[in-house]
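Below, each chain spelled out in residue letters.
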Amino acid sequence: AFVANFTGTETIHFDAYGYITDGTWTIDDVSIKAVATPIAPAFAVTGYDGSIWLTLGNNLLSNTALGQASLVRNTTGYQNTAFGASSLNANTTGYNNTANGFAALDVNTTGFQNTALGAKALFSNTTGSQNTAIGSSLGLNTAGNSNTAVGPIALGGNTTGSQNTAMGYGALFGNKYGFGNTSNGYLSLFQNRGSLNTALGYYAGQANTFFGTSTTLLGAFADATVGNLATSTALGAGAIVGCSNCM
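Residues numbered from 1 in each chain as written. Predicted model: local features only at pLDDT ≥ 70, side-chain atom pairs only at ≥ 80, totals over all residues. Heavy atoms only, no water.

Caption draft 1: Region of the structure containing the state of the cysteines. Tallied over the entire structure, the rule returns one disulfide. Two residues, cysteine 243 and cysteine 246, share a disulfide whose sulfurs are 1.8 Å apart. On the sign convention where negative is left-handed, the bridge of cysteine 243 and cysteine 246, at about 130 degrees about the S-S bond, is right-handed. Classification of cysteine 243 as partly exposed rests on a relative accessible area of 37%. (Disulfide = S-S within 2.5 Å. Buried < 20%, exposed > 50% of the residue type's maximum accessible area, 1.4 Å probe, protein only.)

Caption draft 2: Broad picture of a nonpolar patch on the surface. Residues Tyr169, Tyr186, Tyr202 and Phe221 make up a contiguous nonpolar surface patch of about 420 Å² in total accessible area. Position of tyrosine 186 relative to the elements: it lies in the loop between β12 (182-184) and β13 (198-200). Overall, the relative accessible area of 35% leaves tyrosine 186 in the partly exposed class. (Patch = residues over 30% accessible without salt bridge, like charges linked within 9 Å, V, L, I, M, F, W, Y side chains within 5 Å. Areas by Shrake-Rupley, 256 points an atom, 1.4 Å probe, with all protein chains shown as cover. Salt bridge = Lys/Arg side-chain N within 4 Å of Asp/Glu carboxyl O. Helix = DSSP H or I, 4+ residues; strand = E, 2+ residues; numbered from the N terminus.)

Caption draft 3: Summary view of the confidence of the model for the protein. Here the protein averages 83 in pLDDT, while 76% of its residues score no lower than 70. Low pLDDT (under 50) marks residues 1-41, which in the prediction has 69 contacts with non-local residues, meaning those over four places away or in another chain. (pLDDT = per-residue confidence, 0-100. Contact = heavy atoms within 4.5 Å.)

Caption draft 4: A look at the environment of alanine 234. In this fold, alanine 234 is placed in strand β16 (residues 233-235). If we skip the residues at most four places from it in the chain, alanine 234 touches Thr216, Leu217, Leu218, Ala222, Asp223, Ala239, Ile240 and Val241.

Caption draft 5: Quick peek at the packing of aromatic side chains. Evaluation of the coordinates by the stated rule reveals nine aromatic pairs. Pairing tyrosine 186 with tyrosine 202 gives two aromatic rings, centres 5.5 Å apart and planes at 15 degrees, and the pair type is stacked. A residue pair is termed long-range when its members are at least 10 positions apart, and tyrosine 186 in the loop between β12 and β13 and tyrosine 202 in the loop between β13 and β14 (216-218) qualify at 16 residues. Judged by its relative accessible area of 43%, tyrosine 202 is partly exposed. (Phe/Tyr/Trp six-rings, centres within 6.5 Å; stacked < 30°, edge-to-face > 60°.)

Caption draft 6: Seen up close, unusual backbone geometry. Of note, asparagine 96 is a non-glycine position whose phi angle comes to about 55 degrees, a positive value. Mapped onto the secondary structure, asparagine 96 falls in the loop between β6 (81-83) and β7 (98-100). Under the relative-accessibility criterion, asparagine 96 is labelled partly exposed at 26%.

Caption draft 7: Main features of the environment of arginine 73. Residue position: arginine 73 is located in the loop between β5 (64-66) and β6. A residue is classified by how much of its surface remains accessible, and arginine 73, at 47% relative accessible area, is partly exposed. Along the sequence, arginine 73 and alanine 90 sit 17 residues apart, while their C-alpha atoms lie 5.5 Å from each other. Sequence-distant contacts of arginine 73, that is, excluding residues within four places in its chain, are made with Asn89, Ala90, Asn91 and Thr92. Engagement of the side chain of arginine 73 in a polar contact is seen with the side chain of asparagine 89, the distance being 2.3 Å. (Polar contact = N/O pair within 3.5 Å; in protein donor to acceptor, adjacent residues only side chain to side chain.)

Structure below.
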């Protein structure tokens, strides 16, 4: 164990070379820093080029980062956890964020209480808050809030839409600004542009570019014949609804 008392910045620098049995793994030219400032990380490991590989937060900010260029721009953000190269890279004041995966929450600056699990999950998020992305989902979200996406490219095109829930590959992929949508199933509501719609089932609501509101599609391939319906319901596998305020 290494223990030190310090008042400024202390750096331990060493050159090291190591290898696994096949000789492919190396550690070369690594620095360990202990930093006694209220903003900078209390402990950091940097590579030979100065890039940060590991930071362990101080008592004030309680941030933890593991991975090259993760959480490197943080100023006053607190209780953030970043695992993976470039995760939470641009974060400055955002707090209570968790990013796990390459470039997860990469450009987040002030967004808070986001959870991103997967490579490039919530990659473009800057100010959006209270979003959850599991898988490479919500990748284009910038300012949308309180979205939940589970599955590759779920809500993948969402930018400012809020309070949407998408579960399954490509669910609600085309949604950009719509709010309050719920989609569960492979490619369900894939081209949705509306709000307050619900789709449950394989390919449910996938066929049309849908601008409708308050429409419910339940069952595999359940859909609407046109994309601008309101308060309509299609119930059952393959069910089709073609008018507003009807089933």
